[in-house]
Every structure is written in structure tokens, then in C-alpha cells.
Amino acid sequence: QQQHQQQQQPEEFYSSTSTSSSTSSSSNVASSTYVGKVFGAGELDVENFKAMCKTTDAFFPFPRKLTSMWWIHAPKTGTSFGICLMQYACKRLSPHIIPHVSKADLPDGRRNRQTQTVFVQFKRKYYTPQYCDMDVELHGRAHSPAKYYTDGMVMMVRDPRRRHYSAWKFHHEMGTPAHPSDLMEYIKLYKGCQMRLLVGRNCEFSQSTDPKKIEWNPSQKVVQKALSIINKQDKVAFVGLTDEWDTSICLFHAMFGGEITPHEMQNIRPSIKTEEDKDAWKQIPTTSDPYDWLLYEAARVWFVKNLFRFGIAVPPSLKDVEHKLATGESKRKKRKKGYNTVA
């Protein structure tokens, strides 16, 4: 992918004018002359959507405008989702502008602030009336605990084994008590990270933090609270799956409208870069993080239910959930039929 520095933009941002992605647009629109998207929040370009997303015969989008969002962004669940949210909120933002920062741009070279620096600076520059109608409120910053807004929260949930491995690869070289070099020790400290943020607890700590203050063992009541947030549609507006990225972006737009821009389907900040790392997470048992595993399973069900609802094809990795839901619905109808017969 060729990356060109955009004229009159600070070093930490760049405008990509070409890409190898099969889902990308063929047009090269300079941000300085970009006039805006035809379809904004709450509106859906069905032709564009079908060209980029796999739909079923039941495809029936009825997008509603998401006017206020709190992005719950757990570490290593997809900074790239911020592109989707910014493009959704800002109709006049060129689809070819995406956030980027190098390690050299960070204060004191602190790697653990990299994600915050990227998106906070990107939002600060472009989340303005020049690019946005300001009718879609975008709240939240990287790795911050949840706060509740009228129109709901949005988040990506990731298989905790993959998330832990990716985070450990980023932190383990520090070798501090708060960021141990041993993988399983690291997981022990940071288990339940995604659930923590959902119930308003922190999940990221400095190198000097006492490990005793990091490890988290929630009560059953807290666990049930987190699961109920996922299971009740009125408390969370959107739950995507990092491991099913393209389908997640498609579902977001089917639910809330807006144009799918080229870079939304791309991982602009990959953290796993070797073949060895791609499968290394499989060595981690699901029991190492029971809290986020429960959350992940609930998120998978939420996700498939909404794929059904909006007529988007269920990917192969979620066929087990599809089968369980279909079996459960069949049993429910049989019970209902039996009750009617008795009556």
C-alpha cells in the first residue's frame, strides 16, 4: 500500500490515495477538493452496500440515525473501528484520510500511549464543523471505561485468547511487574479486560502499578451485569466482532446507515506480523480468562441475531451459533404449537 503525506497536514496523519484492497474505491479524491458523501448517518446506499457485503434473501435494512455514541475500545480489539465511526459522524471527511502515527512522534517514546495519541489527535483535528454536521456525538477515547448515553454504546469484542496474545506481544518486552514477560502471568493480571471496560472499570495500567491492583476477580453480580448489557438491545447499540471485521462493518452500516468507505475494511494498525504469531494464541486455554470468554460468547450470539435481523450472511466461523439459535427457535415454535393444541 502506497502512503503519501497529505499537503498541509501534520506529520502524524496521512492520506492514502491508492490501496490493494479488493473492497476499495477506484476514485482518487483529494481531501482538499472533497465535497462530501451522498449518504450520511441514517441513510444507506444499498447498491454500495451490496457490492461490499454478503447479503441473504432476507436482506432488509432499516437504518436508524445513531446520534450519540460512546465507543468502548478495549486494547487490541481494533483501533481501525475509529475510522468507521469518524466517517459516519463526518459526512464531509474524505474517505482517504486515515489516522497514523509513528513511534518517533510519541511523547518520550512511550509506546503504551500510541493508540491514544493516534485517535485523540485525529479526532481533535477532524471532528469539527468543517467536516461534520455535529449532529452525531462521538464520545470516548481509547481504552476508557464505559459511560452511558441515550443512543447507546458501540464496541468491538474479540476472542480473549487472540486479544491477550496481541496485548502481551505489545507489552511483554517491558518485563515489569505490571507487564510481565510470561504470557500466562500477563493473562492472569489482565483477565476480564473487555468486561471491565463495559462495567466502568479500567483495564490499562502504567508500568509502575502494583500488580495487586491490576488483577480482577469480579463477583457473580458484576459478571451478570456485563452480560445483561450485551443481551439487552436498549443498553448497547452495536456489538461487532474483531475476528469478523468485514461482516461487523457491514452490520454497523445496515443498522445505522452511512457509506462504507474503503479503509473501513482494512486493518490499518496490524499488531501480529509473523506467521508464527498468527496461530500462537491457540495455545491459550479458554479457561485462562473465564470472564471475557463469557462476554465473547454473548457477543457472538448478539452478532448472529442481528445478522439474521438485517439479512446479512453468517460467516463460517459463526455457523455453530446460527445452528444453536435455529434449533432453539424451532423448539420454541414446537412448544408454542403444543400449547395452542392443548388450549
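Since the model is a prediction, treat every value here as computed from it, not as a measurement. (Residues numbered from 1 in each chain as written. Predicted model: local features only at pLDDT ≥ 70, side-chain atom pairs only at ≥ 80, totals over all residues. Heavy atoms only, no water.)

Peer 1: Got a minute to help me understand the sheet that holds strand E6 (residues 238-241) in this structure?
Peer 2: Sheets are built from strands paired through backbone hydrogen bonds, the pairs being either parallel or antiparallel. Reading across from one edge, E4-E2-E5-E6 is the order of the four strands in this open sheet, with parallel pairing throughout. Looking at strand neighbours, the two that pair on one side only are strand E4 (137-139) and E6, the edges of this open sheet. The sheet shows a mean angle of 20° between the axes of neighbouring strands, direction not considered. In this fold helix H2 (residues 81-89) packs onto strand E2 (68-72), E4, strand E5 (153-157) and E6, with an angle of close to 170° to the strand it touches most, E2. Lying over the sheet, helix H10 (residues 290-310) contacts E5 and E6, oriented at roughly 105° with respect to E6. (Pairing = 2+ DSSP bridges. Helix = DSSP H or I, 4+ residues; strand = E, 2+ residues; numbered from the N terminus. Axes fitted to C-alpha atoms, helices over the stretch in contact; angles between N-to-C directions. Contact = heavy atoms within 4.5 Å.)

Peer 1: What's the story with the pattern of salt bridges in this structure? I'm lost.
Peer 2: A side chain with one charge can pair with a side chain of the opposite charge if their charged atoms come near. On inspection of all chains with the given rule, the structure shows 10 salt bridges. The partner of aspartate 279 in a salt bridge is lysine 282, and the shortest N-O contact between them spans 3.5 Å. Judged by its relative accessible area of 47%, aspartate 279 is partly exposed. Of the charged contacts in the structure, one is a salt bridge between arginine 300 and aspartate 320, with a shortest N-O distance of 2.9 Å. One end of the pair, arginine 300, is in helix H10; the other, aspartate 320, is in helix H11 (residues 319-342), with 20 residues separating them in the sequence. (Salt bridge = Lys/Arg side-chain N within 4 Å of Asp/Glu carboxyl O. Buried < 20%, exposed > 50% of the residue type's maximum accessible area, 1.4 Å probe, protein only.)

Peer 1: Help me out: how do you make sense of empty space enclosed by the protein in this one?
Peer 2: Within the structure shown, the criterion is met by one cavity of 30 Å³ or more. Taken as a whole, the largest cavity holds about 60 Å³ of empty space. Considering the residues around the largest cavity, the lining is formed by Pro75, Arg163, Ala167, His171, His179, Tyr186, Tyr190, Cys193, Cys203 and Glu204. Listing elements by their share of the lining of the largest cavity, those giving two or more residues are helix H4 (160-171) and helix H5 (183-190). Residue composition of the lining of the largest cavity, by class: six nonpolar, two polar and two charged. (1 Å grid on protein atoms, 1.4 Å probe; cavity = no way out; pocket = protein on both sides within 12 Å on 5 of 7 lines; lining within 4 Å. Points joined across faces, edges and corners; volume = space filled by probe spheres on them. Nonpolar A, V, L, I, M, F, W, Y, C, P; charged D, E, K, R; others polar.)

Peer 1: Honestly, the confidence of the model for the protein in this entry has me stumped. Any pointers?
Peer 2: Interpretation of this model should avoid reading the predicted coordinates in detail wherever pLDDT is low. On average, residues of the protein score 80 in pLDDT, and 76% of them are at 70 or above. Mean pLDDT across the secondary structure elements of the protein bottoms out at strand E1 (residues 13-15), with 36, and peaks at H10, with 97. Confidence drops under pLDDT 50 across residues 1-32; counting only partners more than four residues distant or on other chains, this segment forms 56 contacts. Between residues 101-115, whose pLDDT stays under 50, and residues either more than four places distant or in other chains, the model counts 28 contacts. (pLDDT = per-residue confidence, 0-100.)

Peer 1: How should the state of the cysteines be read in this particular structure?
Peer 2: Chemically, a disulfide is nothing more than a covalent bond linking the sulfur atoms of two cysteines. The tally for this structure, following the rule as stated, stands at three disulfides. Two residues, cysteine 90 and cysteine 132, share a disulfide whose sulfurs are 1.9 Å apart. Sign of the S-S torsion, about 75° for the bond between cysteine 90 and cysteine 132, identifies this disulfide as right-handed. Of this pair, cysteine 90 sits in the loop between H2 and strand E3 (97-99) while cysteine 132 sits in the loop between helix H3 (114-126) and E4, and the two are 42 residues apart along the sequence. What makes cysteine 90 buried here is its relative accessible area of 0%. By relative accessible area, which is 1% here, cysteine 132 ends up buried. Paired through a disulfide, cysteine 193 and cysteine 203 show a sulfur-sulfur distance of 1.7 Å. Taking the sign of the S-S torsion, about -120° here, the bridge from cysteine 193 to cysteine 203 comes out left-handed. Taken together, the positions of cysteine 193 in helix H6 (residues 193-198) and cysteine 203 in the loop between H6 and helix H7 (220-231) put the pair 10 residues apart, joining distant regions of the chain. (Disulfide = S-S within 2.5 Å.)

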